[in-house]
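What the coordinates show
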Amino acid sequence: MSTSPAKVAVLISGRGSNMQALAGEQGEAYRIVLVASDRPEAAGLTWAREHGLESFALSPKGIGKAAYEEALDSALRDAGAEWIALAGYMRLLSDAFVARWRGRIINIHPSLLPKYKGLDTHARAIAAGDAAGGCSVHVVTEELDGGEVLGRAEVPILPGETPDSLAARVLVEEHRLYPATLKAFVRS
Ligand code: GRF
């Protein structure tokens, strides 16, 4: 059994609240070796830099997806990353990239998978009259939000619920579920 913490890279596109939750739970199980973003202006990058995390920012605009992913892959390898946690990373990874990191990329998705893959998950759960929404952590495969589900957290849908009010309560659960699931995943 390995005693050194697993080396994790976190990929973000925006505010990075899940990245912050992951950062707060670093320890014996894992360390964050890189925070990477496809949006150089992502607010989460500023937080990462201010908190001493290595960062990498590159937009695919102008260089194309293949060159962007090559550069991202190099940055991940240079940082020594063994695992990748997507945390509000809004860009689809190519099949080739997923294949290179097969079984080593996980994502958090704001629905109770396999329900509501893709966008607008909370609005869709409310419109369907579901009793609960929630979030799931899953392994990333070539199928969008389709890999093995590693953990889920349910949040009841209340009378008068809006997508925003549900999203806010689900986010609290995301911040608990993601670090706990990542720790179990890198140990397994
Ligand atoms: C979260 O709701 C996550 O489930 C989804 O995108 C959102 C990212 O939020 N994939 P943050 O950037 O982690 O705050």
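Position numbers for residues start from 1 in each chain and track the written sequence from start to end. With pLDDT at 70 or above as the cut-off, local features in this predicted model cover only qualifying residues; side-chain atom pairs require 80 or more to be listed or tallied, and sums for whole chains, interfaces and linings still use all residues. The basis for the side-chain values is all heavy atoms of the structure; hydrogens and waters are excluded.

**Quick notes on the site of the ligand**
Keep this limit in mind: The cutoff for a nearby residue is simple: one of its non-hydrogen atoms must lie within 4 Å of the molecule or strand. The term polar contact refers here to a pair of N or O atoms within 3.5 Å; inside protein, the definition further demands a hydrogen-donor-capable atom paired with an acceptor-capable atom, and it admits residues adjacent in sequence only when both atoms are side-chain atoms. Each accessible area is a Shrake-Rupley result for a 1.4 Å probe, and residues are judged covered by the shown protein chains and nothing else. Points on a 1 Å grid, built from protein atoms alone, make a cavity when a 1.4 Å probe fits but cannot get out and make a pocket when they are open with protein on both sides within 12 Å along at least 5 of 7 lines; residues with an atom within 4 Å of a point are the lining residues. Whether a molecule sits in a cavity or pocket is decided by its atoms, more than half of which must lie within 2 Å of the grid points. When residues are sorted by character, Ala, Val, Leu, Ile, Met, Phe, Trp, Tyr, Cys and Pro go into the nonpolar class, Asp, Glu, Lys and Arg into the charged class, and all the rest, Gly among them, into the polar class.
In the region of the ligand, the neighbouring residues are Arg15, Gly16, Ser17, Asn18, Gly88, Ile108, Pro110 and Glu174. At 2.9 Å from an oxygen atom of the ligand is found a main-chain nitrogen or oxygen belonging to Asn18. One of the backbone N or O atoms of Ile108 is found 3.1 Å from a nitrogen atom in the ligand. For the ligand, the protein covers 85% of the area, taking 370 Å² as the surface of the free molecule. Its atoms largely coinciding with the cavity grid, the ligand occupies the largest pocket. Along the lines of polarity and charge, the residues of the shell around the ligand split into 2 nonpolar, 4 polar and 2 charged.

**Topic: the nonpolar core**
The test is simple: What makes a nonpolar core is a set of buried Ala, Val, Leu, Ile, Met, Phe, Trp, Tyr and Cys residues whose side-chain atoms join them at distances within 4.5 Å. Three labels apply to residues, based on accessible area from a 1.4 Å probe with only protein chains included: buried if under 20% of the type maximum, exposed if over 50%, partly exposed otherwise in between. Only DSSP runs of H or I with at least four residues qualify as helices, and only runs of E with at least two residues qualify as strands; both kinds are numbered from the N terminus onward. In what follows, residue pairs with any heavy atoms lying within 4.5 Å of each other are defined as contacts.
One finds Val10, Ile12, Leu22, Tyr30, Ile32, Val35 and Tyr178 to be the most contacted residues of the largest nonpolar core, which totals 35 residues. Broken down by element, the residue count for this core peaks at 7 residues, all from helix H6 (residues 163-187). Ignoring anything within four residues of it in the chain, the contact list for Ile12 reads Met19, Val35, Ala36, Ser37, Asp38, Ala42, Gly44, Leu45, Ala87, Gly88 and Tyr89. By size, the runner-up hydrophobic cluster in this structure holds 19 residues, among which are Leu11, Leu34, Leu72 and Ile84.

**Observations concerning the sheet that holds strand S1 (residues 6-12)**
Quick reminder of the rule: We treat two strands as partners when DSSP finds at least two bridges between them. Orientation is described by axes fitted as lines to C-alpha atoms, over the contacting stretch for helices, and by angles from 0 to 180 degrees between their N-to-C directions.
If you walk across this open sheet you meet the 7 strands as S3-S2-S1-S4-S5-S6-S7, and the pairing is mixed. Every other strand in the sheet has two partners, leaving strand S3 (55-57) and strand S7 (149-156) as the edge strands with one partner each. When the angles between neighbouring strand axes are averaged without regard to direction, this sheet yields 20°. In this sheet, S3 lies alongside strand S2 (residues 30-37) in parallel orientation, the contact comprising 3 bridges. Its bridge partner being in S3, Ser37 is matched across the sheet by Ala57.

**As for the packing of aromatic side chains**
The geometry of two aromatic rings is summed up by the distance between their centres and the angle between their planes. Where we set the bar: Aromatic pairing here means that ring centres of Phe, Tyr or Trp (its six-membered ring) are within 6.5 Å. Orientation follows from the plane angle: under 30 degrees is stacked, over 60 is edge-to-face, and everything else is tilted. A ring is scored as having a charge over it whenever the NZ atom of a lysine or the CZ atom of an arginine sits within 6 Å of its centre and within 35 degrees of its normal.
Tallied over the entire structure, the rule returns 2 aromatic pairs. Centre to centre, the rings of Trp83 and Phe185 are 5.3 Å apart; their planes meet at 70°, and the pair counts as edge-to-face. With Trp83 in strand S4 (residues 83-86) and Phe185 in helix H6, this pair connects stretches of sequence that are 102 residues apart. Judged by relative accessible area, which is 13%, Trp83 ranks as buried. Its relative accessible area of 12% is what places Phe185 among the buried residues. Ring geometry for Phe97 against Trp101: centres 6.4 Å apart, planes inclined by 25°, an arrangement best described as stacked. The lysine or arginine in question, Arg104, covers the ring of Trp83, its NZ or CZ lying 4.4 Å from the ring centre.

**Side note on the pairing of S1**
Stated formally: For the handedness criterion, the strands are oriented away from the viewer, and a crossover whose path from the first strand over the helix to the second runs clockwise is classed as right-handed.
With 6 of 7 residues buried, S1 is to be regarded as a mostly interior element. Two elements, S1 and S2, share 7 bridges in a ladder whose sense is parallel. Residue pairing across strands places Lys7 opposite Arg31, the latter belonging to S2. Viewed along the sheet, the connection from S1 through helix H1 (residues 17-24) into S2 turns out right-handed. Inspection of the sheet shows S1 paired to S4 by 4 bridges, in the parallel sense. Across the sheet, the residue bridging to Val8 is Trp83, located in S4.

**Some words on the layout of surface pockets**
Selection criterion: Grid points are joined across faces, edges and corners, and a volume is the space filled by probe spheres set on the points.
For the largest pocket, the calculated volume is near 980 Å³. Around the largest pocket sit 39 residues that line it, and Gly88, Tyr89, Met90, Ile108 and Pro110 are the ones nearest its centre. Elements that contribute at least two residues to the lining of the largest pocket include exactly H1, helix H4 (95-100), strand S5 (105-109), helix H5 (121-127) and H6. Here the lining of the largest pocket is composed, by residue class, of 18 nonpolar, 13 polar and 8 charged.

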